[in-house]
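Structural description and commentary
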Amino acid sequence: MGKKRLITGVVATAEAVRLADVDVISSYPIRPYTGIMSELARMIADGELDAEFVHAEGEHAQLSVVYGASAAGARTFTGSSGVGVTFAMEVYSPISGERLPVQMAIADRTLDPPGDFGSEHTEAESCRDQCWIQGWAATPQEALDLTLLYYRIGEDPRVLLPQYACQDGYFVSHIAGEVEIPDEGQVKEFLPPYKNKHSLNIYDPMIIGAQIEPEMGPPLQYQRYLAVQEAKKVIAEAYKEFGEIFGRKYSPFVEEYMTDDAEVVIFIQGAHTITAKNVAQKLRNHGEKVGVVQLRTFRPFNTEVVRDVLSKFKVVGVVDNSVNFGIAGDGGVLLSEARTALYGLGDKTKTVGFVGGLGGEVITMEEFYKMYAKLKEIAKTGKVEKNSYWLPYEL
């Protein structure tokens with residue numbers, strides 16, 4: 001049985017990295033993720049964690065360090081936020097292409113402009129097609145659990161893919177919550193030592209990261225595609241095993257909240273899920289048939305599961321905490337994903353997008369009340385007047 005502490009998301013992540021017994025950590029400061037590295041540096045200095053800590057000269061170098069270390073057989077960890085995430089973009093595809101299960105924490109902040117300290121998912125979603133496992137924690141507890149889960153999933157020999165373990169800047173990274181820190185024995189039972197069959201070996205030399213001939217490209221990309229498909233099975237297995245060992249049971253792809261008999265729901269990921277749930281609870285107390293569907297795994301996006309869940313409702317309001325200028329539907333990535341998942345089912349389930357929380361702003365309870373009111377209006381009239389609404393200006 002673990003012990004409970006009141007800690008922030010960045011400290012919870014550091015605790016999970018310690019429990020995972022990582023070998024190599026690479027850092028470069030940019031808030032709000034920096035607190036993870038500060039805590040890990042303290043752990044190493046105090047003898048709580050035996051790991052190599054490399055302070056790189058920038059984010060590109062950070063990812064290059066863990067790239068090489070993972071290729072040599074080490075369990076690795078790094079992270080960043082905002083423009084730091086995008087600065088390292090060149091290295092993400094080579095890491096997944098080499099099938100190296102590096103883990104990177106992303107504590108979201110806005111890109112420049114305005115570059116504010118606070119949640120916006122744009123920088124992390126910009127990486128969504130790099131063949132990394134990706135999802136958002138909504139609480140510090142989920143931040144700890146997601147870190148352990150992603151090592152377990154990414155290092156599975158059927159997957160061998162890197163992972164972005166995301167948490168909302170400030171709303172998760174710097175707001176404390178009650179976190180149960182598991183025993184080391186539980187973690188060892190859940191997370192076996194990292195072994196990659198094609199690790200670098202001085203007695204069996206190989207070339208890593210070389211340019212390849214054009215005809216080699218299609219099979220390499222198809223192998224990555226197959227790994228992502230296989231990851232869906234492994235994700236389901238890992239979440240089930242996690243619940244059995246740690247007692248915290250999560251739905252691996254989407255999690256429903258108060259959706260029994262619901263006519264309208266909010267579809268959302270990340271920390272603002274908590275506010276959406278609070279508002280749904282209050283509306284339920286007044287007899288409103290509303291609920292929340294939390295997307296837990298963003299990549300791979302499980303189209304079949306999302307379709308099965310969302311198609312049960314009359315209207316789905318999709319909340320995007322990101323900017324995607326010029327995208328189809330004028331909303332965000334989640335709106336496009338939800339509509340794709342529901343494609344072919346006719347007009348049974350209507351969708352409308354809401355873009356909010358930009359620049360690190362709070363999506364307020366009042367804004368969620370307005371969203372639910374709009375969804376209820378659509379359910380009553382059957383008319384969707386706009387594809388999406390930008391908060392707070394258009395609702």
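The structure displayed is predicted, hence computed values, not measured ones.

1. Some points on the sheet that holds strand E11 (residues 290-295)
- Read from one edge of the open sheet, six strands run E9-E11-E10-E12-E13-E14, paired in mixed fashion. Each end of this open sheet is capped by a strand with a single partner; those strands are strand E9 (254-257) and strand E14 (388-390). The sheet shows a mean angle of 20 degrees between the axes of neighbouring strands, direction not considered.
- Inspection of the sheet shows strand E10 (residues 264-268) paired to strand E12 (residues 315-320) by four bridges, in the parallel sense. When the sheet's bridge partners are listed, valine 265 is paired in E12 with valine 316.
- Contacting E10, E11, E12, strand E13 (350-355) and E14, helix H12 (residues 333-342) crosses the sheet at an angle of about 145 degrees to E12.

2. A word on the domain arrangement of the protein
- Domain assignment breaks the protein into domain 1 (3-246) and domain 2 (254-390).
- One C-alpha centre belongs to domain 1, the other to domain 2; they are set 28 Å apart.
- In this assembly, domain 1 packs against domain 2 so that about 2200 Å² is buried in total across both faces, 55% of it on carbon and sulfur atoms.
- At the junction of domain 1 and domain 2, the tally comes to two salt bridges.

3. Remarks on the packing of aromatic side chains
- In total, this model carries 14 aromatic pairs according to the counting rule given.
- An angle of 35 degrees between the planes, with centres 6.2 Å apart, marks the rings of phenylalanine 242 and tyrosine 250 as tilted.
- Take phenylalanine 242: its relative accessible area is 0%, and that puts it in the buried class.
- Judged by relative accessible area, tyrosine 250 falls into the buried class, the value being 15%.
- Ring pairing ties together the aromatic residues Phe190, Tyr239, Phe242, Phe246 and Tyr250, which thus form one cluster.
- Directly above the aromatic system of tyrosine 151 lies the positively charged group of arginine 75, at a separation of 5.6 Å from the ring centroid.
- One cation-aromatic arrangement involves arginine 152 over phenylalanine 190; the distance from NZ or CZ to the ring centre is 5.6 Å.

4. Here we look at the nonpolar core
- Core analysis: the biggest nonpolar cluster contains 52 residues, and Val22, Ile25, Ile36, Leu40, Phe77, Leu148 and Phe190 have the highest contact counts within it.
- Sorting the residues of this core by element identifies helix H1 (9-19), helix H2 (34-45), strand E5 (103-107), strand E6 (133-137), helix H7 (140-154), strand E8 (177-181), helix H8 (184-190) and helix H9 (217-246) as the ones contributing at least two each.
- With nine residues, the single largest contributor to this core is H9.
- Apart from residues lying up to four places away in sequence, leucine 148 is in contact with Ala16, Ala20, Pro182, Val187, Phe190, Leu191 and Phe246.
- Membership of the second largest hydrophobic core comes to 41 residues, among which are Leu100, Tyr164, Val309 and Ala341.

5. A closer look at the side chain of glutamate 123
- Mapped onto the secondary structure, glutamate 123 falls in helix H6 (residues 122-125).
- Here glutamate 123 occupies a buried position and makes no salt bridge, while the nearest side chain of opposite charge, arginine 109, is found at 6.9 Å.
- Only 3.0 Å separates the side chain of glutamate 123 from the backbone nitrogen of glycine 82, close enough to count as a polar contact.
- Once residues lying within four places of it in the same chain are set aside, the contact partners of glutamate 123 are Ser81, Gly82, Val85, Thr86, Ile106, Ala107, Asp108, Arg109 and Leu111.

6. Comments concerning the packing of helix H11 (residues 303-310) against H12
- Running from amino to carboxyl end, H11 crosses H12 at an angle of 80 degrees, the nearest separation of the two axes being 8 Å. Judged by the angle between their axes, H11 and H12 are roughly perpendicular. On the side of H11, the interface is formed by Thr303, Val306, Arg307 and Leu310, while H12 contributes Ala338, Ala341 and Leu342.
- Within the contact of H11 with H12, the residues separate by chemical class into five nonpolar, one polar and one charged.

What counts, and at which threshold
- Residues numbered from 1 in each chain as written.
- Predicted model: local features only at pLDDT ≥ 70, side-chain atom pairs only at ≥ 80, totals over all residues.
- Heavy atoms only, no water.
- Pairing = 2+ DSSP bridges.
- Helix = DSSP H or I, 4+ residues; strand = E, 2+ residues; numbered from the N terminus.
- Axes fitted to C-alpha atoms, helices over the stretch in contact; angles between N-to-C directions.
- Contact = heavy atoms within 4.5 Å.
- Domains from an automatic or database assignment.
- Buried area = accessible area lost by both parts, 1.4 Å probe.
- Salt bridge = Lys/Arg side-chain N within 4 Å of Asp/Glu carboxyl O.
- Phe/Tyr/Trp six-rings, centres within 6.5 Å; stacked < 30°, edge-to-face > 60°.
- Buried < 20%, exposed > 50% of the residue type's maximum accessible area, 1.4 Å probe, protein only.
- Lys NZ or Arg CZ within 6 Å of the ring centre and 35° of its normal.
- Core = buried A, V, L, I, M, F, W, Y, C linked by side-chain atoms within 4.5 Å.
- Lys, Arg positive; Asp, Glu negative; His and termini not counted.
- Polar contact = N/O pair within 3.5 Å; in protein donor to acceptor, adjacent residues only side chain to side chain.
- Parallel < 35°, antiparallel > 145°, perpendicular 65-115°, else oblique.
- Nonpolar A, V, L, I, M, F, W, Y, C, P; charged D, E, K, R; others polar.

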